[in-house]
Amino acid sequence: MKSGKVALEKIDRAPQTLRDIVQERMRSAIIEGHFAPGDRLVERPLCDQLGVSRTVIRETIRFLEAEGLVEIVPNRGPIVATFDWDQARQIYDIRRQLEGSAAAACAESHDAGFADRLSAALRALAATMDDTTWTELLQASTRFYELIFNEAGHTVAWEIVQRLNGRISRLRALTLSAKDRDRPGIDHMTAIHDAILSHDANAARAAVDCHVDDASNTARRVLCAEAQAEKTAP
């Protein structure tokens, strides 16, 4: 009997564990506003709603705490983390530095097939702009940036971005829902895409700066208005 190598089909994405599914659902619920800032996350109702054990819920809460989406408050337990402008400003500062550097490096050097991959990611992002739950849009946005960071070779920087991804996604959902942005987000992403594929590092960095500045200004208006409303509430 003749032996030979067996061709195995590549697994594009590893199967999700139960914990992964619960984490994704609770993260989405927080980002989309189903759980409001300050809401308590009570184990028993969450177990009943999701049909999982307390152990899985506790692991999920610890994971979301590490992402900055959950806070543990003495005598109250876990709550959805509150978000103020000072925290948001720091995240935008980090984004501006890391995304600008990655976009510039990517513009200076990318392989022949990268243009097709980035253009496909931009089309996928544009197709999600009417996603009212934000989930697909946020995933497409993450994929767009992941391509840029990986092509630039900025893998450590991408790890840092991933640790902030929960809070970045929360801010994206906040700013995308605002009607007073200077330019639609997809216009900014298109400008970043075009500058990178034109091999113009300065234009790529400037496009990122413009995008982050627009999002930052929108977030500041929304968060400061929310803070003022809380102060004046009876």
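Residues numbered from 1 in each chain as written. Predicted model: local features only at pLDDT ≥ 70, side-chain atom pairs only at ≥ 80, totals over all residues. Heavy atoms only, no water.

(A) Local environment of the overall build of the protein. Within the protein one finds ten helices and two strands. What you see in the protein, going N to C, is helices and strands ordered as α-α-α-β-β-α-α-α-α-α-α-α. Across its three principal directions, the C-alpha atoms of the protein cover 65 × 60 × 30 Å. Here the contacts in the protein between residues at least 6 apart in sequence split such that 74% fall between residues at least 24 apart. (Helix = DSSP H or I, 4+ residues; strand = E, 2+ residues; numbered from the N terminus. Contact = heavy atoms within 4.5 Å.)

(B) Fine view of helix α6 (residues 135–152). Between its terminal C-alpha atoms α6 stretches 26 Å, which fits the 26 Å expected from 18 residues at 1.5 Å a residue. Among all positions in α6, only Leu137, Leu138, Ala140, Ser141, Thr142, Phe144, Tyr145, Leu147, Ile148, Phe149 and Ala152 are buried. Of the residues one or two after α6, glycine 153 is the one with positive phi, at around 80°. (Expected span 1.5 Å × (residues − 1). Buried < 20%, exposed > 50% of the residue type's maximum accessible area, 1.4 Å probe, protein only.)

(C) Up close: the layout of surface pockets. Each pocket or cavity is described by its volume, and for the largest pocket that value is around 850 Å³. Together, 22 residues line the largest pocket, and Glu24, Arg27, Gln139, Gln162 and Asn165 are the ones closest to its centre. When residues of the lining of the largest pocket are traced back to their parent elements, those giving at least two are α1 (18–31), α6, α7 (155–163) and α8 (165–176). The class makeup of the residues in the lining of the largest pocket is four nonpolar, nine polar and nine charged. Here the second largest pocket is characterised by a volume of approximately 480 Å³. As for the second largest pocket, its lining consists of 21 residues, of which Pro37, Phe83, Arg170, Leu223 and Glu226 are closest to the centre. Within the residue set of the lining of the second largest pocket, elements represented by two or more residues are α1, α8 and α10 (201–232). With five residues, the top contributor of residues to the lining of the second largest pocket is α10. (1 Å grid on protein atoms, 1.4 Å probe; cavity = no way out; pocket = protein on both sides within 12 Å on 5 of 7 lines; lining within 4 Å. Points joined across faces, edges and corners; volume = space filled by probe spheres on them. Nonpolar A, V, L, I, M, F, W, Y, C, P; charged D, E, K, R; others polar.)

(D) Examining the side chain of threonine 60 more closely. Following the sequence through the fold, threonine 60 ends up in helix α3 (residues 54–66). Aside from chain neighbours lying at most four places away, what touches threonine 60 is Arg19, Val22, Gln23 and Met26.

(E) A look at the pattern of salt bridges. Applying the stated criterion across every chain, the model contains twelve salt bridges. For glutamate 151, the salt bridge identified is with arginine 117, shortest N-O distance 3.2 Å. Here glutamate 151 is found in helix α6, whereas its partner arginine 117 is found in helix α5 (residues 114–126), with 34 residues between them in sequence. (Salt bridge = Lys/Arg side-chain N within 4 Å of Asp/Glu carboxyl O.)

(F) Representation of the packing of aromatic side chains within the structure. For the structure shown, the criterion picks out two aromatic pairs. A centroid spacing of 5.7 Å and a plane angle of 85° characterise the contact between phenylalanine 144 and tyrosine 145, whose relative ring orientation is edge-to-face. Here phenylalanine 144 and tyrosine 145 have matching classes, each one buried. On the basis of an interplanar angle of 45° and a centroid distance of 5.2 Å, the ring pair of phenylalanine 149 and tryptophan 158 is categorised as tilted. Grouping residues by exposure puts phenylalanine 149 and tryptophan 158 together as buried. (Phe/Tyr/Trp six-rings, centres within 6.5 Å; stacked < 30°, edge-to-face > 60°.)

(G) View of empty space enclosed by the protein. Counting across every chain of the model gives two cavities of 30 Å³ or more. Taken as a whole, the largest cavity encloses approximately 150 Å³ of empty space. Sorting the residues of the lining of the largest cavity by element identifies α6, α8, α9 (185–197) and α10 as the ones contributing at least two each. Counted by class, the lining of the largest cavity contains seven nonpolar, four polar and three charged residues. Taken as a whole, the second largest cavity spans an internal volume of roughly 50 Å³. Glu99, Thr142, Tyr145, Phe149, Trp158, Val161, Asn165, Ile168 and Arg172 together form the lining of the second largest cavity. Of all elements in the fold, only α6, α7 and α8 reach the threshold of two or more residues within the lining of the second largest cavity. For the lining of the second largest cavity, the per-class residue count stands at five nonpolar, two polar and two charged.

(H) Spotlight on a nonpolar patch on the surface. A surface patch of nonpolar side chains, about 230 Å² in accessible area, is lined by Ile94, Val156 and Ile160. Note on placement: isoleucine 160 falls in helix α7. Residue isoleucine 160 is classed as partly exposed on the basis of its relative accessible area of 34%. (Patch = residues over 30% accessible without salt bridge, like charges linked within 9 Å, V, L, I, M, F, W, Y side chains within 5 Å. Areas by Shrake-Rupley, 256 points an atom, 1.4 Å probe, with all protein chains shown as cover.)

Note that all results are geometric; they support no functional claim without further evidence.
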